[in-house]
Amino acid sequence: MTSSAPALVLSGLRKSFGSLEIIRGVDLAVPTGERHAIIGPNGAGKSTLFHLISGHYRPSAGSVRMRGEEIGGMAPQLINRRGLSRSFQITNVFPRLSVWENVRCATLWALGYRYSFWRSVDRLADARDRTEQILTEINLLDRWDMPAGLLTYAEQRALEIGLTIAGNADILLLDEPTAGMSHAETDRMVELIRQVTEGRTLVMIEHDMGVVFDLADRISVLVYGEVIASDTPKRIKANAAVQQAYLGTEVA
Amino acid sequence: MSKTTQNGAPGRPSGQGSGLVATAAIWIAVAVVLAVLPQVFSSGLAISTMCLMEIMIIFALSYNMLLGQTGLLSFGHAVFFGLGGYLTAHAMNAARGEHAPLPLEVFPLVGGATGLVFGILFGAVATRRSGTAFAMITLGIAELVSSSALILRHAFGGEEGVAFDRTRVLHLFGISFGPQEQVYYLIAGWCFLSMGGMYAITRTPFGRICNAVRDNPDRTGFIGYNTTTVRFLAFSMAGLFAGIAGGLAALNFEIVTSSAMGAAQSGTVVLMTFIGGVGNFAGPIIGAILVTYLQVMLSDITGAWQLYFGLLFMGMVMFAPTGIAGLLAMQMPLVRAGQFHRVLPWYVLALVPGLIAITGVSMMVEMCFHLTVNTADGPQMSFAHVAFDANSPLAWAVAAVLLAGGFWLFRRAGRKALDAYGSALEKARSGRAGR
């Protein structure tokens, strides 16, 4: 953690499915502590990029470095244990477990309990405190004993964030955290993200330009599997290539 | 939800405190029931049936560590039951020959160790996959092991199996384990320990992660857990407890044959667990008791008992996929809110035509059975103490009317009962929220 290497460095990253190349040589560096947004039209490969970083897919070529160490092609749990956690675009929680159990399960590995089958889970004070803290942060404490599958959409999205931050990872990847939310819900989610990413590195895929320009320190624009620009929000707004490829229609 | 709305502030939601006392009370009650049962039902048949039930409770609970807790459908769980039994039998014979100073009480551990070792061996292969592939691998392992039982005659004793005498080991406190009642207490003790152990495992970090793997294996990787490791550990532990059950079965019967690990035994544990209910810790216990009782009782009164058994399983899967425990759990909110009396009459109303329909079905089954299997006895038979001619159209008409009429009324009453349940639940919920 003390090393000066950037949180994430992607270089020459490629991913093909059969003859179809989705990610076509991505180079990207995210310094520690930065809030970085990835934008781009549908089908640009944003989610695929997240799958490559988080271990869901194995890269066809190139490297993914986390604090200087290669993680490309590692199993998701190994990457997670190194301190990188991600959320999903389509809500991906444990539907039959209660909200409480969902979050508590996500805290256990980081607290060192691993596969322990000799300790009562209810007596783990640190897991309980951490779970309660997360539920307070995502504002779901009063839903604690509800099966996660019965939550409303916005509540499930909040739980999705809760699962992502519960393990205390210092690099967070959030895949469209505000997708499908109303204005009020989006505002609350932005506040939540700002709060929970304090002191952490954030990479976020987002379609809502308001959210992007509000939160991001830097923005990368992904078009057809390539990063065409990576810069501060101000300069991205002014970038002609970006406007032509993507932004022009959405922000004007 | 209700717990938090009631006292306003959510407080500490892990909900222990009062739960701990209730849990302890339940376990004490279980121990007392296990201890008192042979005094209440003291006939020889009753005691040996209860021995079998307790063995099956361990077996079904161990199976539910896979199916209900971790979401693994195995078709070969009897392998661990059978191998545990065989090794226990061999250990008994060896102990007799060398006068090993071991009491009978510890021999189920041999079964458990065997189950664990083979659970680790087979689990290392099977748990690399999940879902259908996992189910197919377990089916293959079951076939492999049960066919080698007939090939490796030296180890498995061929068709005769391996027999031994359970009284010829060290006696502690003068207990010889000759009388069945003494064996009952041995089995009851191990049943209690195993139930407690398996329940405790569900309440550990590992137990909760098993549930997470069952619900959403993909996501489990992204919270730091290796799903293959979780499945492997669950599979090995299920093998351990199935082995204990198999060891107890060996001590109970003083013989182990290859049928103990056959496909039928693997099937039985699936049925028990499903009929009892996979979603609840008590489900497999209920299933094991009910199915064992039906096996003993039905096989006594009808030759077609397996057919009834199959119909019961189909009925449960179709109409009550959460099992008996699931149906009972559905009533709990009503009982707590004092609304259960509203639905009870509707349940009785549905039950009566249901029983009539079942009477119609079993009359037809018995007539078919009598005409085909018992041909030598002629067409005269009796059903429910009524004598009649199985060839007469009148008897068939009566059976058909009972079945059709009963089923039609059952469907109507069933729908009414469901409506009643829905409105009572509504009332129970609004009553709580308003408080």
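Not measured: the values here are computed from a predicted model.

Undergrad: I keep staring at the environment of Ala-337 of chain B and nothing clicks. Help me out?
TA: All names here are of chain B. If you trace the backbone, Ala-337 turns up in the loop between α15 (323-336) and α16 (340-372). When its relative accessible area of 23% is taken as the criterion, Ala-337 is described as partly exposed. Separated by 94 residues in the primary sequence, Ala-337 and Gly-431 place their C-alpha atoms 7.7 Å from one another.

Undergrad: Explain the sheet that holds strand β7 (residues 171-175) of chain A here, please?
TA: Whether parallel or antiparallel, the strands of a sheet pair through hydrogen bonds between backbone atoms. All names here are of chain A. Overall, mixed pairing links the six strands, which are arranged β6-β7-β8-β3-β9-β10 in an open sheet. The sheet is open, and its two borders are formed by β6 (84-86) and β10 (226-231), each paired with just one other strand. If you compare each strand with its neighbour and ignore which way they point, the axes differ by 15° on average. Of the strands in this sheet, β6 and β7 touch helix α5 (residues 153-166), which is tilted by about 160° from β7.

Undergrad: Even after reading the chapter, I still don't get the sheet that holds strand β2 (residues 20-30) of chain A, so can you show me in this structure?
TA: Residues and elements named next belong to chain A. Read from one edge to the other, the open sheet built from four strands follows the order β2-β1-β4-β5, with strand pairing classed as antiparallel. The open sheet has two free edges, formed respectively by β2 and β5 (69-70), since each of these has just one partner strand. For strand β1 (residues 8-17) and β2, the ladder comprises eight bridges, and the chain directions are antiparallel. Its bridge partner lying in β2, Arg-14 is registered against Arg-24. Its contacts with the sheet place helix α1 (residues 46-54) against β1, β2 and β4 (61-66), and it is angled at close to 115° to β1.

Undergrad: What is the right way to read the nonpolar core from this model?
TA: In a soluble, globular protein the nonpolar side chains are often hidden away together inside. Ranked by size, the top nonpolar core spans 141 residues in total, and within it Leu-135 and Leu-159 of chain A together with Phe-206 of chain B carry the most contacts. Residues contacting Leu-135 of chain A, with those up to four places away along its chain left out, are Val-99, Trp-100, Val-103, Leu-140, Leu-141 and Trp-144 of chain A. If you look at the next biggest cluster of nonpolar residues, it comprises 24 residues, including Leu-10, Ile-38, Ala-44 and Ile-71 of chain A.

Undergrad: How should I be thinking about the environment of Leu-425 of chain B in this particular structure?
TA: All names here are of chain B. Its location among the elements puts Leu-425 in helix α17 (residues 393-434). In this structure the C-alpha to C-alpha distance between Leu-425 and Gly-303, which are 122 residues apart in sequence, comes to 43 Å. For Leu-425, the residues in contact, after removing those within four places along its chain, are Pro-333 and Leu-334.

Undergrad: Where do I start with the pattern of salt bridges in this structure?
TA: Oppositely charged side chains can pair when the atoms bearing their charge come close. Applying the stated rule across the entire model yields 17 salt bridges over all chains. One salt bridge in this structure joins Glu-198 of chain A and Arg-35 of chain A, with 3.9 Å as the shortest N-O distance. With Glu-198 of chain A in the loop between α6 (183-196) and β8 (201-205) and Arg-35 of chain A in strand β3 (residues 35-39), the pair connects residues that are 163 residues apart, well separated along the chain. Given the relative accessible area of 59%, Glu-198 of chain A is considered exposed. Through salt bridges that share partners, Glu-101, Arg-104 and Asp-122 of chain A together with Arg-203 and Arg-208 of chain B make up one connected network.

Undergrad: Can you help me understand helix α13 (residues 283-301) of chain B in this one?
TA: Residues spaced three or four apart along an α-helix face the same direction, because each turn holds 3.6 residues. All names here are of chain B. For α13, with 19 residues, the first-to-last C-alpha span of 27 Å sits near the 27 Å given by 1.5 Å per residue. Listed as buried for α13 are Gly-283, Pro-284, Ile-285, Gly-287, Ala-288, Val-291, Thr-292, Leu-294 and Leu-298. The inward-facing, buried residues of α13 contact α3 (44-70), α8 (180-202), α12 (263-276), α14 (305-319) and α15.

Undergrad: Can you help me understand the domain arrangement of chain B in this one?
TA: Often, the extent of an interface is quoted as the loss of accessible area on bringing the components together. Residue and element names in this part refer to chain B. Annotation of chain B at the domain level lists domain 1 (23-321) and domain 2 (337-434). When each unit is reduced to the centre of its C-alpha atoms, the spacing between domain 1 and domain 2 is 33 Å. Interface area, domain 1 with domain 2, both sides summed: about 460 Å², of which 73% is carbon and sulfur. At the junction of domain 1 with domain 2, the criterion picks out zero salt bridges. In this structure, the connection of domain 1 to domain 2 is made through three residue pairs in polar contact (both at pLDDT 80 or more). Its residues assigned to classes, the side of domain 1 that touches domain 2 comprises four nonpolar, two polar and no charged.

The rules we used
Residues numbered from 1 in each chain as written. Chains lettered and ligands numbered in written order. Predicted model: local features only at pLDDT ≥ 70, side-chain atom pairs only at ≥ 80, totals over all residues. Heavy atoms only, no water. Helix = DSSP H or I, 4+ residues; strand = E, 2+ residues; numbered from the N terminus. Buried < 20%, exposed > 50% of the residue type's maximum accessible area, 1.4 Å probe, protein only. Pairing = 2+ DSSP bridges. Axes fitted to C-alpha atoms, helices over the stretch in contact; angles between N-to-C directions. Contact = heavy atoms within 4.5 Å. Core = buried A, V, L, I, M, F, W, Y, C linked by side-chain atoms within 4.5 Å. Salt bridge = Lys/Arg side-chain N within 4 Å of Asp/Glu carboxyl O. Expected span 1.5 Å × (residues − 1). Domains from an automatic or database assignment. Buried area = accessible area lost by both parts, 1.4 Å probe. Polar contact = N/O pair within 3.5 Å; in protein donor to acceptor, adjacent residues only side chain to side chain. Nonpolar A, V, L, I, M, F, W, Y, C, P; charged D, E, K, R; others polar.

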